[in-house]
Amino acid sequence: MGSLSKPGADARQPWVPLLSLAGLLTGWSVLALAGGDPELLPAPWQIAPLAVQELASGELLRHLSATLARVVLAFVVAMSIGSAIGMIMGRSRRADRWLDPWLIFFLNLPALVTIVLCYLWIGLNEAAAILAVALNKIPTVVVTIREGARALDPALEDMARVFRMDRGARLRHVIVPQLAPFFASAGRSGISLIWKIVLVVEFLGRSNGIGFQIHLYFQLFDVGMILVYALSFIAVMLAIETFVLRPWEARAARWRRV
């Protein structure tokens, strides 16, 4: 019983992550002061005015929203296709044998190669960008959902047959609740991977977004502005992680503790 109370106790201590972030900022400040070169590593108090300036001009929000839109679209595509394939592979041994070599191939295909090929084959457009990101995420979703499909409780399947549940009711009331923790895990682990790949996609071939801005200021060797754009999106993803993905994962796994 003592071990079960720990997560609840941690949830009632919001100062812990705040203290952790304060430690990160302190370490950053110490390194900046020790380096003594604000062009190489600006301190947090030197970054803040730049962020306010970009926010006031509207540039930060414009590029932030462009990147976030790509992340959301790629996430939806990857989760939808990956979940469907993972379910098929987890429920059918024949499908798993046929598709497993494809899965291994795409798991080991470098993201950079996928991005470059999509741009060469489709063009420097949004469709190529979203497809490149989704193709890099789909295999990891497939692996997670396949394991969840393999772990489905056969007793619940027998119960569904006894009560003569149709396929829709069986999917909604028996299969999806058991897979919910796996969906949440795939989503939570995937969002961080997706946004990193989106930055590479924007870096290589888009005319807006956080990655595009990082590319621009990389050419100007402006470390301060690179940090402004990078940290702004990290802040957005931390908010999504804290207020959306983490509660979703906890709610999805709650039935297992009942």
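See the structure shown above.
Please read these numbers as outputs of a predicted model, since none were measured by experiment. (Residues numbered from 1 in each chain as written. Predicted model: local features only at pLDDT ≥ 70, side-chain atom pairs only at ≥ 80, totals over all residues. Heavy atoms only, no water.)

### Side note on the packing of aromatic side chains
Under the convention used in this document: The criterion for an aromatic pair is that two Phe, Tyr or Trp rings (for Trp, the six-membered ring) have centres within 6.5 Å, with stacked assigned to planes under 30 degrees apart, edge-to-face to planes over 60 apart and tilted to the rest. Exposure is judged per residue with a 1.4 Å probe applied to protein chains only, and the accessible area is read against the type maximum: over 50% gives exposed, under 20% gives buried, and values in between give partly exposed. By the criteria applied, helices consist of DSSP H or I runs no shorter than four residues and strands consist of E runs no shorter than two, each listed in order from the N terminus.
Scanning the entire structure with this criterion turns up four aromatic pairs. Measuring from centroid to centroid gives 5.2 Å for F105 and F106, while their planes differ by 90°, and the two rings are edge-to-face. Overall, the relative accessible area of 51% leaves F105 in the exposed class. Owing to a relative accessible area of 31%, F106 belongs among the partly exposed residues under this scheme. Consider the rings of W195 and F233, whose centres lie 5.0 Å apart with planes at 50°: the pair is tilted. Of this pair, W195 sits in helix α9 (residues 167-205) while F233 sits in helix α11 (residues 223-252), and the two are 38 residues apart along the sequence. By relative accessible area, W195 is classed as buried at 10%.

### Some remarks on the pattern of salt bridges
Threshold: What counts as a salt bridge is simple: a side-chain nitrogen of Lys or Arg found within 4 Å of a carboxyl oxygen of Asp or Glu.
Applying the stated rule across the entire model yields nine salt bridges. Here E126 makes a salt bridge to R70, at a shortest N to O gap of 2.7 Å. Of this pair, E126 sits in helix α7 (residues 126-150) while R70 sits in helix α4 (residues 59-91), placing them 56 residues apart in sequence. Its relative accessible area of 33% is what places E126 among the partly exposed residues. The closest approach of N and O atoms between E147 and R146, which form a salt bridge, is 3.8 Å. On the accessibility criterion, E147 (36% relative accessible area) is partly exposed. Bridged by salt links that share partners, the residues D96, D100, R146, E147 and R150 form one connected network.

On their own, these measurements won't tell you what the molecule is for.
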